[in-house]
Amino acid sequence: MFIRPLRLLLTRPAVISHFHTLPARCAPRKVLQQFKLADIGEGITECEVIKWSVKELGTVQSFDPLCEVQSDKASVEITSPFDGVVKEILVKEGEVAKVGQGLCVIEVDEEMLGSSSAELVEPTSFSATELSQQIPNLKSVQDASRAEHILEESSAPRRLHPMDPNHSHAPVPNANSENVLAKPSVRHYARQHKVDMALLPFGSGRDGRIEKKDIDAFLSHGISSVSVDSTLSIPSARDEHDVIVELGRTRYAMWKAMTQSLEVPHFGYSTSLDLTSLHSLLPTLNAHIPEHFDPSTSSPLSVNASALHPAPSPPPVPESAQFTRLTYLPILLKTLAKAMMAWPVLRSSITPGSTNGGGKPSLTIRPHADIAIALSTPTGLYTPVIPCADTHSIYSLSSQLKHLSFLGRQVPCALTSKEMPKRGATVTVTNIGAIGDGEYAHPVLVPGGGVAIVAIGRARWVWDVSRSEHGERRLKVGVSWSADHRVLEGAELAAFVESWRAYVEAPERLIGEGI
């Protein structure tokens, strides 16, 4: 007897309308969040957006790469903090964004915002009416929610976090025309004229970008991808005219840093170190490089060292950090770190006072020796840091140098905030002897670059008459120091260098002190 009333109840329009409005009320509320550029390094106030990895109205997952930015010190890949849809890109490729400025607007579920950093996102006003206006041809909010659900289902599978052990990096392809910096219109212009852009040198545009006039100049010589052999017989016409080249971000940062260096009163000190004892020690050190640094030296033992108990295994060393020959530089770094531990002022960093002049600057003494290495790369000059250099062995320091050099040679530069932390170092080392034949230099200390910098020249054999009446042949290297005279006295720097000399010219002390 209840069947007929129930049928009448279910066929009433009011009840049916009520059931149809439930999905709109229960659907998750969408909100717009403005993702802002975070502070990625000390002294960095702006970054240039090099490349966007997402497009507008595209779906993005947590830890997916959003964009790649280039700062004054390194290039950094920025990832998404949550799942959502990129509604608007606020900073285009090639434009500069200030720290704290919005990079893009991402639409996310309101319930997913709890795990996101409030410093990196900023809520944007949002309503169901705005959503229906942004997505054309949608009749209601229910259709908008259904469309977003379809977009999420059709998106690519979730990618792993870069720090996940199962995450694999795609191999870097060989240099070709696709890796050349150029606009799409320029690439189309090159294809029309059958020009292989990989054959062109650096362009006249910003950061070496290829422009149409570069292709025209290339074609004016009668050169194309099908007549490469004639490149050597045709003289270059570019040498006949002046070429104006804009400074890239790295070189412009160097320009600004060198200008700021005029604020630091420099004190210079130059001397030479005797490397004869290290020269005699180096063959022995090279003959006993640990096998995890040089796998080619591994040889199976007839007796198992782990027969009784597993022996401790050395830390894994990436291929980019492996080496086959030891040089003088890691030994000089090790002895320098030992001397820095005896001189706290060389382990100090400057904290300036308040901007209104009411507070005095202070010095922060660090517990370990943080040493920066001046690294010349294809994209400019960088100063990555080897933190706690006093805790490293000579072999470990050589491995660190090899790895940093590998990262710096990548284009774009692969050095990140991990290798170039905010706090920087207290002493910087530049090895000018590895390039030129000079013995001495005058290095420049920039604000934030520590309290001193040393340039190491090329080592050479000389006849030294200061040790005996007849003299003897010695291997010596020139070192040139520049220190912040606001912090270091001249006598302190000279005494510190003598402390460093005592370790360099008598390396046996390292064995006695347990290295």
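Residues numbered from 1 in each chain as written. Predicted model: local features only at pLDDT ≥ 70, side-chain atom pairs only at ≥ 80, totals over all residues. Heavy atoms only, no water.

### Side note on helix H7 (residues 249-260)
The terminal C-alpha atoms of H7 lie 16 Å apart, and with twelve residues this matches the ideal 16 Å at 1.5 Å per residue to within 8%. Those residues of H7 that fall on the buried side of the exposure criterion are Arg249, Thr250 and Ala253. Along the axis of H7, the buried residues cluster in a sector spanning 95 degrees; they form a single face. (Helix = DSSP H or I, 4+ residues; strand = E, 2+ residues; numbered from the N terminus. Expected span 1.5 Å × (residues − 1). Buried < 20%, exposed > 50% of the residue type's maximum accessible area, 1.4 Å probe, protein only. Arc of directions from axis to C-beta.)

### Examining the environment of Glu93
Relative to the helices and strands, Glu93 resides in the loop between strand S6 (84-89) and strand S7 (96-98). Apart from residues no more than four positions distant in its own chain, Glu93 is found in contact with Val49, Ile50, Lys51 and Trp52. (Contact = heavy atoms within 4.5 Å.)

### Some points on the pairing of strand S1 (residues 30-36)
In terms of residue burial, S1 counts as a mostly covered element, since six of its seven residues are buried. Summarising the sheet, S1 and strand S8 (residues 102-109) pair through seven bridges and their orientation is antiparallel. Paired with Phe35 across the bridge in S8 is Cys104. (Pairing = 2+ DSSP bridges.)

### So, the packing of aromatic side chains
Inspection of the entire model under this criterion finds four aromatic pairs. Seen from their ring centres, Trp481 and Phe496 are 5.6 Å apart, and the 90 degrees between their planes marks the pair as edge-to-face. A residue pair is termed long-range when its members are at least 10 positions apart, and Trp481 in strand S20 (residues 472-484) and Phe496 in helix H11 (residues 490-504) qualify at 15 residues. Across the pair, exposure class does not vary: Trp481 and Phe496 are buried alike. Of the residues examined, Trp481 reaches a relative accessible area of 2% and is grouped as buried. The cationic tip of Arg473 hangs over the ring face of Trp461; the distance from NZ or CZ to the ring centre is 4.2 Å. The ring centre of Tyr503 lies 3.9 Å from the NZ or CZ of Arg509, which sits over that ring. (Phe/Tyr/Trp six-rings, centres within 6.5 Å; stacked < 30°, edge-to-face > 60°. Lys NZ or Arg CZ within 6 Å of the ring centre and 35° of its normal.)

### Observations concerning the packing of helix H9 (residues 328-342) against H11
For the pair H9 and H11, the least separation of the axes is 9 Å and the interaxial angle reads 130 degrees. In terms of axis orientation, H9 runs oblique to H11. Our pair here, H9 against H11, has a crossing hand that is right-handed. Contact residues: H9 offers Leu332, Thr335, Leu336, Lys338, Ala339 and Met340, while H11 offers Phe496, Ser499, Trp500, Tyr503 and Val504. The class makeup of the residues in the contact of H9 with H11 is eight nonpolar, two polar and one charged. (Axes fitted to C-alpha atoms, helices over the stretch in contact; angles between N-to-C directions. Parallel < 35°, antiparallel > 145°, perpendicular 65-115°, else oblique. Left-handed = near helix turned anticlockwise from the far one by under 90°. Nonpolar A, V, L, I, M, F, W, Y, C, P; charged D, E, K, R; others polar.)

### Some remarks on the environment of Leu401
Structurally, Leu401 is set in helix H10 (residues 394-409). Along the backbone, Leu401 and Pro330 are 71 residues apart, and their C-alpha atoms lie at a distance of 7.9 Å. Not counting the four nearest positions on each side in its chain, Leu401 is found in contact with Leu329, Pro330, Leu333, Ile373 and Ile386.

### Quick word on the side chain of Arg474
Note that Arg474 resides in strand S20. On the basis of relative accessible area, Arg474 is assigned to the buried category, the value being 13%. Side chain to side chain, Arg474 and Thr276 meet in a polar contact 3.4 Å long. Separated by 3.2 Å, the side chains of Arg474 and Glu472 make a polar contact. Here Arg474 is in contact with Asp274, Thr276, Arg460, Trp461, Val462, Asp464 and Arg467, once residues within four sequence places are set aside. (Polar contact = N/O pair within 3.5 Å; in protein donor to acceptor, adjacent residues only side chain to side chain.)

### Structural notes on a nonpolar patch on the surface
Taken together, Leu247, Tyr252 and Trp255 make up a surface patch of nonpolar side chains, about 350 Å² in accessible area. Leu247 sits in the partly exposed class, given a relative accessible area of 41%. (Patch = residues over 30% accessible without salt bridge, like charges linked within 9 Å, V, L, I, M, F, W, Y side chains within 5 Å. Areas by Shrake-Rupley, 256 points an atom, 1.4 Å probe, with all protein chains shown as cover. Salt bridge = Lys/Arg side-chain N within 4 Å of Asp/Glu carboxyl O.)

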